[in-house]
Amino acid sequence: MLVYRGFAQTAPSATVLTIGNFDGVHLGHRALLARLTAAAAKAGLPAAVLTFEPHPREFFAPHSPPSRLSTLREKLELIADDGVDLTYVCHFNARFAAFGPEEFIERVLVGALRVRHLIVGDDFRFGARRAGNFALLREAGAHLGFQVEAMESVTLNGERASSSAVRDALQEGRLEHAARLLGRPYSIDGRVVHGDKIGRQLGFATANIRIKHERPPLQGVFAVEVKGLPGGPHRGAANLGYRPSANQVVRPLLEVHLFDFSADIYGAHLNVRFLHKLRDEVKFPDFNALKAQIASDVEAAKAYFQL
């Protein structure tokens, strides 16, 4: 998949296009991408996605943005996995937010992305003050030479698959439900870096994983699977949060103890899949209490995996 930043480079050909934030790339997004790639194959044109960075809600509400389900890298990897040919990442800033609906259609959709067929969600809104809608797109398409198709929401047992629904499930510790909405277990990517070696002192060595999520949608202790190492996936127990019993940190830390594993993996880029929540983070009165709880967490994670 080719990835472009902005619209300085016009699309190499006419495109079949969809637009969205695609945070988490859940079942609804994947259904939309499946329809996109099918329509593109039928038309003999590249399947293209227009997405935004940062998330528009981060721009409009910088002090209370939603937790990100996926970093930009994770999102692009998931979109690529669904067979998309081109993705355009639009820098969402004040200038772009001020585009009126007609300017967005003429400059971006027609001028830069050369849209021939557009597929959007049934609730899609765009342009300054969200003034643009599906009816306006259809009217513009009739004059400017592109077709517009609406995609209905995907529901699971009566619940709409959405980033908000996934986020709520993760925050409430309902990881199995989040996995159903996503179509896969929720995961976070990151690189293994050196830590303070506290895990070794406790008898449970951990891989300290540098993550780019400033406000991850879940915190606590989890049973996990880790991909990215030889012989994997490997199972383990992970802590994601701020380590209240150790040094107070301003950024969340992801620490993973892998069962029956002792290789040097510094620098490895791992994918951590969160399968089941064991407990919330709590502060322990002393080192021995913390050590005893970690031992209990490891046994609980092994029990989850029936090891």
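Relevant structure appears above.
A brief report on the enclosed structure follows.

## Points about the overall build of the protein chain
At step 1: Looking only at helices and strands, the protein chain features ten helices and 14 strands.
At step 2: Seen along its three principal axes, the alpha-carbon backbone of the protein chain occupies a region of about 70 × 40 × 40 Å.
At step 3: Counting every position in the protein chain, which comprises 307 residues, the buried fraction comes to 50%.
At step 4: For the protein chain, contacts bridging at least 24 residues in sequence account for 74% of all contacts bridging at least 6.
At step 5: Per element, the accessible surface of the protein chain, about 15000 Å² overall, is 50% carbon and sulfur.

## Structural notes on the pairing of strand E3 (residues 47-53)
At step 1: With respect to burial, E3 is a largely interior element, seven of its seven residues being buried.
At step 2: The two faces of E3 match: Ala47, Val49, Thr51 and Glu53 on one face and Ala48, Leu50 and Phe52 on the other face are all buried.
At step 3: Inspection of the sheet shows strand E2 (residues 15-19) paired to E3 by four bridges, in the parallel sense. Its bridge partner lying in E3, isoleucine 19 is registered against leucine 50.
At step 4: Read from E2 through helix H1 (residues 27-43) to E3, the crossover connection turns out right-handed.

## Let's talk about the pattern of salt bridges
At step 1: On inspection of all chains with the given rule, the structure shows 13 salt bridges.
At step 2: The salt bridge involving glutamate 225 is made with arginine 235; its shortest N-O contact spans 3.7 Å. Of the two residues, glutamate 225 sits in strand E11 (residues 220-227) while arginine 235 sits in strand E12 (residues 234-241), which places them ten residues apart along the sequence.
At step 3: Glutamate 225 gets classed as buried once you look at its relative accessible area, which sits at 13%.
At step 4: One salt bridge in this structure joins arginine 279 and aspartate 297, with 2.7 Å as the shortest N-O distance. Here the residue arginine 279 occupies a position in strand E14 (residues 269-279), and aspartate 297 occupies one in helix H10 (residues 287-304), the gap between them amounting to 18 residues. Summarising the burial analysis for this pair, arginine 279 and aspartate 297 share the class buried.
At step 5: Counted as one network, the salt bridges with shared partners bring together Glu53, Glu58 and Arg68.

Conventions adopted
Residues numbered from 1 in each chain as written. Predicted model: local features only at pLDDT ≥ 70, side-chain atom pairs only at ≥ 80, totals over all residues. Heavy atoms only, no water. Helix = DSSP H or I, 4+ residues; strand = E, 2+ residues; numbered from the N terminus. Buried < 20%, exposed > 50% of the residue type's maximum accessible area, 1.4 Å probe, protein only. Contact = heavy atoms within 4.5 Å. Areas by Shrake-Rupley, 256 points an atom, 1.4 Å probe, with all protein chains shown as cover. Pairing = 2+ DSSP bridges. Right-handed = clockwise from strand over helix to strand, strands pointing away. Salt bridge = Lys/Arg side-chain N within 4 Å of Asp/Glu carboxyl O.

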